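Read off the chains here:
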Amino acid sequence: MDRLIVEGGQRLSGEIQVSGAKNAALPILVSSLLSPHTCVLENIPDVVDVRTMCQLLGVLGATTSWDGPRLLIRTETLKSHEAPYALVSTMRASILVLGPLVARWGEAIVPLPGGCAIGSRPVNLHIDGLRALGAEVRIQHGNIHVKAKRLKGARIAMEPSSVTGTENLMMAAVLAEGVTVIENAAREPEVADLAAFLIKRGARIQGCGTNTITIEGVEALNDGDHHHRIMADRMEAGTYLIAGAVTQGDVTVHLPSPDLLDDICTTLHATGAELSRNHGSVRVTMDRRASAVDVTTGPCPGFPTDLQAQMAALLSLAEGVSLVTETVFENRLTHVSELRRMGANITTNGNQARIVGVDKLSGAPVMASDLRGGAALILASLAAEGETIISRVYHVDRGYERIEGNLNTLGANVRRVKSNNA
Ligand code: EPZ
């Protein structure tokens, strides 16, 4: 397993081009199952989860090829309606194939995705929603087995709102007979990016970005190739902005729609960072120690849970006491024990972390246990004194493209030790 070795203490400065959003690319890739036509996708991030998803779709019957920077994916015929456990167990987002498979081919078998470091990650909303659409769903031998001649539109109320739950059921409803209304739908921009692509292909969807999405089912999506450019990754962008703040540096991230970063910019500004925005970029400059702020995560439009751990890294060095409350997942504070190893003064009580800022962190061997917690450890190591060795970096590689390359472009000193030289 690869490790990153970080020599802390450098102020980061420079510019980064933000990659395509992993959490938009995954459902959009899966949506290719809904028709036999070619999807031509640009700005696909080169991250492990995308490669895993392409592998899974290949097992089901999709063919993929690259035309320069564009990924072409189509599923003319189905090779299998069963997602292999070996792949599903490494990527929970595999559950997204359920809706499209049963919508287009009437049957799907997907292993129950297990929990992960951040929580039990139930899938009851996906299952209940498919049942509401008239599917027969059986859970046996660790598999979710879904069957339906043709799904029928229904009213589905989600509690809580689920991002992939909304995406799965929206894709299922696109080919259903009649109208489906998803209430308390997720409002994350990645859901809207999927909907925008489906609408280009002839789906009839209204209300994305609000908490009620209406889908009028169609017999089939339109013929012909369909092009889409994946939206920018707001979590990657936010991570690099926090990297600029925690090293008291000056970092600019380039992305087409800077308004995606409103929530992180507001919070960083509250810590004392200077944020400036112009067409297609956001710049953070921090010339002093951050001030403590309280952060509470929530479904969009709340503060994104996928930036909570990174903010905790910044607040570990802030002046004052910060309360970080995680309301989306039940166990998303696993980075705290590793930050403590670096000298952070954090106590946790349930889903809340009380961070008493210290004036320095010291480098230490630490271990990533999930994607964003791993990113948080990297951010802390950039500002820490001395060397930090971060193990299990495979967690970070699931969602960040060339993270050490980008950080070194900004002046960091990060070295990857490949597992075979470990
Ligand atoms: C998506 O996960 C993202 N993943 C996550 O990003 C992100 O943290 C999360 O949304 C919240 O924004 C992808 O888009 C691939 P949820 P998802 O269903 O859809 C509960 C990252 O770091 N719930 O919106 O799995 C659940 O327990 C990853 O990039 C049910 O109760 O999250 C949680 O408390 C991590 N029953 C809440 O809903 C269900 O059937 C929100 O989870 C489904 C979810």
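Note that residues are indexed from 1 along each chain, following the sequence as it is written. Local features are withheld for residues below a pLDDT of 70 in this predicted model, meaning they are given only at 70 or higher, and side-chain atom pairs are given and counted only at 80 or more; totals for whole chains, interfaces and linings count all residues. Just so you know, side-chain values use all the structure's heavy atoms and leave hydrogens and water out.

(A) Up close: the site of the ligand. Close to the ligand lie 21 residues; Asn124, Ser162, Thr164, Asp306 and Val328 are nearest. By the criterion applied in these results, polar contacts are pairs of N or O atoms within 3.5 Å in which, for protein atoms, one can donate a hydrogen and the other can accept it, and in which residues neighboring in sequence qualify only through two side-chain atoms. The separation between an oxygen atom of the ligand and a polar side-chain atom of asparagine 23 is 3.0 Å. Taking proline 122, its main chain carries an N or O atom lying 3.3 Å from an oxygen atom of the ligand. Every accessible area reported is derived by Shrake-Rupley at a probe size of 1.4 Å, with residue values counting cover from the shown protein chains alone. When isolated, the ligand has an accessible area of 820 Å², and the protein chains bury 87% of it. A run of DSSP states H or I qualifies as a helix once it reaches four residues; a run of E qualifies as a strand once it reaches two. Both are numbered from the N-terminal end. If one sorts the elements of the shell around the ligand by residue count, helix 5 (residues 124-132) sits on top with three residues. Of the residues that constitute the shell around the ligand, the class distribution is nine nonpolar, seven polar and five charged. In these notes, residues near a molecule or strand are those with any non-hydrogen atom within 4 Å of it. Residue polarity is assigned by list, with Asp, Glu, Lys and Arg as charged and Ala, Val, Leu, Ile, Met, Phe, Trp, Tyr, Cys and Pro as nonpolar; anything else, Gly included, falls into the polar class.

(B) Molecular detail of the domain arrangement of the protein chain. The start and end points of each domain follow an automatic or database-based domain assignment. When the domains of the protein chain are assigned, the result is domain 1 (2-19 + 232-418) and domain 2 (22-229). The gap between the C-alpha centroids of domain 1 and domain 2 is 30 Å. Regarding the contact of domain 1 and domain 2, the summed buried area is about 1,700 Å², with carbon and sulfur atoms giving 51% of it. The term salt bridge refers to a pairing of a side-chain nitrogen on Lys or Arg with a carboxyl oxygen on Asp or Glu at a separation within 4 Å. Applying the counting criterion to the domain 1 and domain 2 interface returns two salt bridges. Note that glutamate 190 and arginine 234 form a salt bridge whose closest N and O atoms lie 2.6 Å from each other. Taken together, the residues that form the side of domain 1 that touches domain 2 break down as seven nonpolar, five polar and 10 charged. Throughout, the accessible surface (probe 1.4 Å) given up by two parts as they are put together, summed over both, is called the buried area.

(C) Looking closely at the side chain of serine 322. With respect to the helices and strands, the residue serine 322 is situated in strand 18 (residues 321-325). Of note is the side chain of serine 322, whose polar atom sits 3.2 Å from the backbone oxygen of valine 293. The criterion used for residue contact is that any of the two residues' heavy atoms lie within 4.5 Å. Excluding residues that lie within four positions of it along the chain, serine 322 makes contacts with Ala292, Val293, Asp294, Leu315, Ala353, Arg354 and Ile355.

(D) Looking closely at the sheet that holds strand 13 (residues 226-229). Paired strands, in this sense, are two strands between which DSSP finds at least two bridges. Strands sit in the order 4-5-3-13 across an open sheet of four strands; the sheet is mixed. Edge positions in the open sheet fall to strand 4 (63-67) and strand 13, since each of these has one partner strand only. Along the sheet, successive strands turn relative to each other by an average axial angle of 20 degrees, direction set aside. Bridging between strand 3 (residues 39-42) and strand 5 (residues 70-74) involves three bridges; their strand directions are antiparallel. Bridging across to strand 5, leucine 41 finds its partner in leucine 71. Think of each axis as a best-fit line through the C-alpha atoms, taken over the contacting stretch in the case of a helix, with angles from 0 to 180 degrees between the N-to-C directions. Sitting on the sheet, helix 7 (residues 189-200) touches strand 3 and strand 13, and the angle it makes with strand 13 is about 160 degrees.

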